[in-house]
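Topology and contacts: notes
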Amino acid sequence: MSLLRKKDVRQMLAASQGAGVLRKELSAFDLTMLGIGAIIGTGIFVLTGTGATVAGPGLVLSFIIGAIACGFAALCYAEFASMLPVSGSTYTYAYATLGEIIAWMIGWDLMLEYLLASSAVSVGWSGYFQSLLSGFGLHLPDALTAAAGARPGVETFFNLPAFVIAMLVTTLLAFGIKESKRVNNFVVLIKVAVVLLFIAIAVWHVKPANWNPALPYGMSGVFQGAAIVFFSFLGFDAVTCAAEEVKNPEKDIPRGVIWSLAICSVLYVIVSAIMTGIVPFMQFKGIDHPVSLALQVAKLDWFAGFVDLGAILGMLTVILVMTYGQTRILFAMSRDGLLPKVFSEVHPKYGTPYKATWLIGSIIALIAGFVPLGTLAELVNIGTLAAFTLIAAAIIVLRKREPDLPRKFHCPGVPYVPALAMLFCVFLMAQLSSLTWLCFVVWLVIGLVVYFGYSRQRSHLHKA
C-alpha cells in the first residue's frame, strides 16, 4: 500500500506558501498568452501538411476531434488547477488522488514529453531560421547546420542554431518569470497577427474543387490525422505548471487553460481549411513548410518572409513554455523527495528554480544539437494522452473521496465529461504505431527502475 500513499491536499497547499516559494507574477491574460505561446508553433506551421497527407481535406475534422479531446481534458485540468494551485500539474494532481507510484510515472512520462518536445521544436526552429538567413544570402558552414547524419550527402556534425536558441531560452527562464512572460506575451501577439494576416489574405485564393473528395481515406484517415495533429494542441496543460506563480490561481488558471485552447482550436480549423482549399492535399507530402507552400501556389511569395518570421517566433515561445513546464515538474518532484534536492532550490534574487533550469536547458540544447530527432510527434503524443487519461480518472476519484474540498471551478457533467476525455484519449492512443508504444513502454520501465532504486526510499511521505 506504500506505493499508493497520497499527499494530503491541505498540506500541499501549505507547502506552496512556505519557504523557498516561487514568485507570483502571472495573471489570466499572461496564462492565456502562455498557453497560446505553447500551442501555436510546430502544429500550425509543420503538422498541418503532415496531417493533410493522411486525412486530405478531412484534416478539418481531425483538428476538431483533437480539439474536442483536449477540451474535455482541459475542463478536468481547470477543476484541479483551481483546487490545487501548486507547481507540478498532472504529477501533483495524481499524487493527491491516485497515489505515489502513479504520480511518479506521470511525472516521468511528462519529462519525456517536455524534454523531447523542446528539443524537437528547437531543431524545427533551426530549419526555419536557416531558411530565413538564406533569403539574405547568408549560410552557415554545413558542419554546423544539423546533427551528424541528419542530411544525407552533406557532411554535418552539430546543429548550432538549435543549440543556441535552447540555451538562450534557458537563460531567459533562469532570470525570472516576469522577464519571461514579457517576452512571451510580445512574441505571441506578433505570431497571432501573422496567422490572422495569413487567413485574411489567403482565404481569397481558395478553390473549393480542392476539397473534393472531402474524405479521400474515409474516417480512418481522419482519425489517423487526429492522432498526428494532436501534437498541435500540446501546451495548454503547461499552463497549469505555472499555478504556484499566479496571482489569483483559483480563477485565472481555468480561464487561461480554456481561453488559450479555444482560441488556438478556432485558428487551426480555419487555417487547415484554407490550406487544403489552396493546395491539393497530396502535394503536401514530404513538405515541412506547408504554409509557405500554400503561399507559393497562391502566388503570394511576397508574404513568405512574414510566414518565416511567424514560424520562428511561434517555435520560440513553444520552446520557452515547454522548457518552463519541464523545470516546474522537476521542482515539484524534488520538493517531494522523489528527485535530488538540487531541482527545488530557488534563486534568492530571481525566484526561479535556477539549477534545475540550467541543467534541463543544457540537456535540451545538447539533444537538439547532436541528435537528428526526425519526427517525435507520436512519441510525445502518447505520453500526453496517457497523462490526460489519468487526470480525467483522478477528477472522478477526488469528487467521491474529497467532495468538500473548495473548488472555484467545477468540471461540468462529472463523471460523464471525464469519461469522454478518457474515451477520446485512449482512442487516439490506439491510432499510434506499435513502435511508438514499444518506446513508450521502455521509457516507463526505466522510470520504474529509478523509482524503486532511488525515489521510493527518499520520498518525504516514506520518511514521515
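Residues numbered from 1 in each chain as written. Predicted model: local features only at pLDDT ≥ 70, side-chain atom pairs only at ≥ 80, totals over all residues. Heavy atoms only, no water.

Looking at an unreviewed UniProt entry, one finds the protein named Amino acid permease and attributed to Vogesella facilis. Comment text from UniProt for the protein, heading Subcellular location (unreviewed entry), reads "Membrane". (UniProt positions renumbered as here; feature names shortened; annotations may be inferred.)

As for the packing of helix α6 (residues 100-135) against helix α7 (residues 160-174)
Each pair of packed helices can be described by the angle between their axes along with the distance between the axes. Axis separation between α6 and α7 bottoms out at 8 Å; the angle between their running directions is 120 degrees. The two elements α6 and α7 meet at a crossing, and its hand is right-handed. Seen from α6, the contacting residues are Ser 122, Val 123, Trp 125, Ser 126, Phe 129 and Gln 130; seen from α7, they are Pro 161, Ala 162, Ile 165 and Ala 166. Of the residues contributing to the contact of α6 with α7, the split by class is seven nonpolar, three polar and no charged. (Axes fitted to C-alpha atoms, helices over the stretch in contact; angles between N-to-C directions. Helix = DSSP H or I, 4+ residues; strand = E, 2+ residues; numbered from the N terminus. Left-handed = near helix turned anticlockwise from the far one by under 90°. Contact = heavy atoms within 4.5 Å. Nonpolar A, V, L, I, M, F, W, Y, C, P; charged D, E, K, R; others polar.)

A short note on the pattern of salt bridges
On inspection of all chains with the given rule, the structure shows five salt bridges. Between Glu 100 and Arg 5 there is a salt bridge whose closest N-O contact spans 2.8 Å. Here Arg 5 lies in the segment before α1 (9-15) and Glu 100 lies in helix α6, a separation of 95 residues in the sequence. In this structure, Glu 100 and Arg 5 share a single accessibility class: buried. The salt bridge partner of Glu 79 is Arg 407, with a shortest N-O separation of 2.9 Å. One end of the pair, Glu 79, is in helix α4 (residues 59-83); the other, Arg 407, is in the loop between α14 (377-401) and α15 (416-430), with 328 residues separating them in the sequence. Judged by relative accessible area, which is 1%, Glu 79 ranks as buried. Overlapping salt bridges bring together Glu 79, Arg 399 and Arg 407 as one network. (Salt bridge = Lys/Arg side-chain N within 4 Å of Asp/Glu carboxyl O. Buried < 20%, exposed > 50% of the residue type's maximum accessible area, 1.4 Å probe, protein only.)

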